[in-house]
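# Working through the structure, step by step
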Amino acid sequence: MARELNEVGVVGLGTMGAGITEVLARAGLRVTAVEVNDEALARGRGHLEHSTDRAVSRGKLEAGERDEIFERIRFSTSLEDLASAELVIEAIPERMELKAEIFAALDKICPPDTILATNTSSLSVTELSVVTGRPSKVIGMHFFNPAPVMKLVEVVQTVVTEPEVVADVEALAERLGKVDVTIGDRAGFIANALLFGYLNHAVSMFENRYASREDIDAAMRLGCGLPMGPLALMDLIGIDTAYEILDTMYKQSRNRLHAPSPIIKQMMTAGLLGRKSGRGFYTYAERDSAQVVPDAATPSAEGATAGARDVRAVGVVGSGTMATGIIEVFAKGGYDVRFVARAPEKVEAVQKALAKSLEKQVQRGRLEESARDEVLARVSGTTSLDELADRDLIVEAVVESLPVKEALFANLGELAKPGAVLATTTSSLPVIECAKASGRPADVVGMHFFNPAQVMKLVEVVSTISTAPDVAATAHAVSLALGKHPVSCTDRAGFIVNALLFPYLNDAVKMLEAHYATADDIDAAMKVGCGYPMGPFELLDVVGLDVSLAIERELYIEFREPGFAPAPLLEHLVTAGYLGRKTGRGFRDYASR
């Protein structure tokens, strides 16, 4: 049975250590908080006062409760004051030599049964444990920032950590109101191993000028529902902190995806550390501010739409769910829409689906009956591509097959009127192949809508090397007219969202394949620790394992990056017919749920 810990210590009162101290004291534990000198101690106490005062002002904490919290905390500059602690949590900067020095000192001061825990986010807990005479009593307790708010704690056990120590720490995490995942000692643990590979990839995308910082961040927020874009998150974490974590992970794993992008070290050297210094990927109103100051380099909607062609009549080719959503979006946007399906019954099915969708919105009070009728009046269906000859913009939304799309664009290139824009909604295939097949590549652009098109605000506008500037501007202007947020990128596998999303999902599968953590723990770590709306395995099952595998293969073929090679486990599941929710079985069994 786990023992109840009541006397604890925290070494280091930076943002993280002060937050951990607050969490422990709020839960009723007596805390000795230690800093290196009086100045650092005062600064740490200031962090605590600021946090608790803000909680009082927001009604989340009573003034009396705040006073009780401080009554439970003893502030000190001497490690000797930790001599009676049952657990000590170290939360100093991510430097192994500093942490090792603290652990060696604590080992001499604390009683033999005191648990020594590190809040490291990336360093080896095993390496820290062996500087003490009690490696079996050493464990990792990785809290997430801000500790009073974030619910996740990664409990990191080494190969020699006693089971009783793990049980004691897990019980404490539950008492603190945290969600704990218990894992082994591996670079980055769960959350950082998955998060920082993704962040590093996003930085490389920006460094290579594939897309702007604003478009990369908007794409991941609007396309994946993430709370922050990757570059804004880098600024929040701190460029120096991110570099140290990536560098440590790379040295342990030798995974090239964790090798810090050169610009990260350059920014760190220049003192561009993010919010803490007032400038990183973005410029902030002041140090530690969240307010971004616009600069002259920030792209404007007016600039992106300059010279756009006039679009009034739109054609859509396709009859699937995505095509139907796009038809509805254009019709609600005021455009005259004519769609083409393969057979009369497909035309009828689209019209019924559209009417059903609009009626549901009327019943929910989101649409007036008169507006519904106007939308339906703007839509007509046909089985003949020739009926699109008068359209200003033709959007292809057929099956994700290159031969099918090439054949379609060959036909559209011949029948579309001069000056008409031809757009493909492909999410992974080369837009240039469609452009080449059309015979009029300057008129072809990618407009990647996200599913469901009626709800998702993002459109990736994909320009090939041949796309005319006014064609890209037209795609931007039309997207804005539809109430969407367009982002610009060039014609490269995965564009922005899929290029960043699917390597992250693939890394999660490899983590599961290595038996490092369960699918449930990995999902919990990313949802609770990083604020993701879905864990990677939940998302893979929703997207479809076969779809995910196809996209990952495209990325691997294009970039030749060994780390992008699809995880064998994913390939085996697809071969066995475990495709996710659509088959009732993927990483989880849905048939019995």
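### Looking at the side chain of Arg-391
Residue placement: Arg-391 occurs in the loop between strand S11 (379–382) and strand S12 (393–396). Among the polar contacts listed, one links the side chain of Arg-391 to the backbone oxygen of Val-314, at a separation of 3.3 Å. Of note is the side chain of Arg-391, whose polar atom sits 3.1 Å from the side chain of Asp-390. In this structure, Arg-391 is in contact with Ala-313, Val-314, Gly-315, Asp-336, Val-337, Arg-338, Lys-417 and Ala-420, ignoring residues within four places of it in sequence.

### Some points on the sheet that holds strand S9 (residues 313–317)
The strand order across the open sheet formed by 8 strands is S11-S10-S9-S12-S13-S14-S15-S16, and the pairing between neighbours is mixed. A strand with exactly one partner marks an edge of an open sheet, and here the two such strands are S11 and strand S16 (485–490). Between one strand axis and the next, the sheet turns by 25 degrees as a mean value, whatever way the strands run. Of the strand pairs in this sheet, S12 and strand S13 (residues 421–424) are connected by 4 bridges, and their pairing is parallel. Counted as the bridge partner of Glu-396 is Thr-424 from S13.

### What to know about the sheet that holds strand S8 (residues 179–184)
To summarise the sheet geometry, strands pair through backbone hydrogen bonds and adopt either a parallel or an antiparallel arrangement. The mixed open sheet is built from 8 strands, whose spatial order is S3-S2-S1-S4-S5-S6-S7-S8. Because the sheet does not close on itself, it has two edges, and the strands there are strand S3 (73–76) and S8. Shown here is a sheet whose adjacent strand axes are inclined to one another by a mean of 25 degrees, direction ignored. As paired strands, strand S6 (residues 138–143) and strand S7 (residues 152–157) are joined by 4 bridges and run antiparallel to one another. Within S7, the position partnered with Phe-143 by the bridge is Val-153. Lying on the sheet, helix H2 (residues 38–57) is in contact with strand S2 (30–34) and S3; it crosses S3 at an angle near 155 degrees.

### Some details on the pairing of strand S5 (residues 115–118)
Taking every second residue as pointing to the same face, both faces of S5 are buried, with Ile-115 and Ala-117 on one and Leu-116 and Thr-118 on the other. Judged from the 4 bridges that link them, strand S4 (residues 87–90) and S5 form a sheet pairing that is parallel. The residue bridging Ile-89 from the neighbouring strand is Ala-117, located in S5. Following the backbone out of S4, through helix H4 (residues 96–109) and into the adjacent parallel S5, one traces a crossover that is right-handed. Sheet topology note: the S5/S6 ladder contains 3 bridges and is parallel.

### Points about the packing of helix H7 (residues 191–207) against helix H11 (residues 262–269)
In the contact formed by H7 and H11, the axes pass within 8 Å of each other and the chain directions differ by 85 degrees. When the interaxial angle is binned, H7 and H11 end up roughly perpendicular. Only Pro-262, Ile-263 and Ile-264 of H11 make contact with H7, whose side of the interface consists of Asn-200, Val-203, Phe-206 and Glu-207. Along the lines of polarity and charge, the residues of the contact of H7 with H11 split into 5 nonpolar, 1 polar and 1 charged.

### Brief notes about the pairing of S13
Neither face of S13 is exposed, since Val-421 and Ala-423 on one face and Leu-422 and Thr-424 on the opposite face are all buried. Handedness of the crossover joining S12 and S13 through helix H16 (residues 402–415): right-handed. Two elements, S13 and strand S14 (residues 444–449), share 3 bridges in a ladder whose sense is parallel. Its bridge partner lying in S14, Leu-422 is registered against Val-444.

### Remarks on the packing of aromatic side chains
Overall, the coordinates contain 7 aromatic pairs when judged by the stated rule. Grouped by ring-pair contacts, the aromatic residues Phe-330, Tyr-335 and Phe-449 constitute a single cluster. Lying over the aromatic face of Tyr-516, Arg-186 brings its terminal NZ or CZ to 4.8 Å of the ring centre. Positioned over the ring face of Tyr-210 is Arg-492, at 4.0 Å from the centre of the ring.

### Topic: the pattern of salt bridges
Overall, the coordinates contain 38 salt bridges when judged by the stated rule. Notably, a salt bridge pairs Glu-22 with Arg-26, separated by 3.1 Å at the nearest N-O pair. Of the two residues, Glu-22 and Arg-26 are both situated in helix H1 (residues 15–26); the distance of 4 residues between them amounts to about one turn of the helix. Classification of Arg-26 by relative accessible area gives partly exposed; the value is 37%. The structure contains a network of salt bridges with shared partners spanning Arg-309, Arg-440, Asp-443 and Asp-470.

### Looking at the nonpolar core
Counting residues in hydrophobic clusters, the biggest one holds 121 residues, and the most contacted among them are Leu-106, Ile-190, Tyr-198, Ile-496, Ile-522, Phe-537 and Phe-587. For this core, the leading source of residues is helix H19 (residues 497–513), giving 11 residues. Ignoring sequence-local partners within four residues, the contact set of Ile-496 consists of Met-205, Tyr-210, Ala-211, Asp-215, Ile-216, Ala-219, Glu-460, Val-487, Ser-488 and Cys-489.

Parameters and conventions
- Residues numbered from 1 in each chain as written.
- Predicted model: local features only at pLDDT ≥ 70, side-chain atom pairs only at ≥ 80, totals over all residues.
- Heavy atoms only, no water.
- Helix = DSSP H or I, 4+ residues; strand = E, 2+ residues; numbered from the N terminus.
- Polar contact = N/O pair within 3.5 Å; in protein donor to acceptor, adjacent residues only side chain to side chain.
- Contact = heavy atoms within 4.5 Å.
- Pairing = 2+ DSSP bridges.
- Axes fitted to C-alpha atoms, helices over the stretch in contact; angles between N-to-C directions.
- Buried < 20%, exposed > 50% of the residue type's maximum accessible area, 1.4 Å probe, protein only.
- Right-handed = clockwise from strand over helix to strand, strands pointing away.
- Parallel < 35°, antiparallel > 145°, perpendicular 65-115°, else oblique.
- Nonpolar A, V, L, I, M, F, W, Y, C, P; charged D, E, K, R; others polar.
- Phe/Tyr/Trp six-rings, centres within 6.5 Å; stacked < 30°, edge-to-face > 60°.
- Lys NZ or Arg CZ within 6 Å of the ring centre and 35° of its normal.
- Salt bridge = Lys/Arg side-chain N within 4 Å of Asp/Glu carboxyl O.
- Core = buried A, V, L, I, M, F, W, Y, C linked by side-chain atoms within 4.5 Å.

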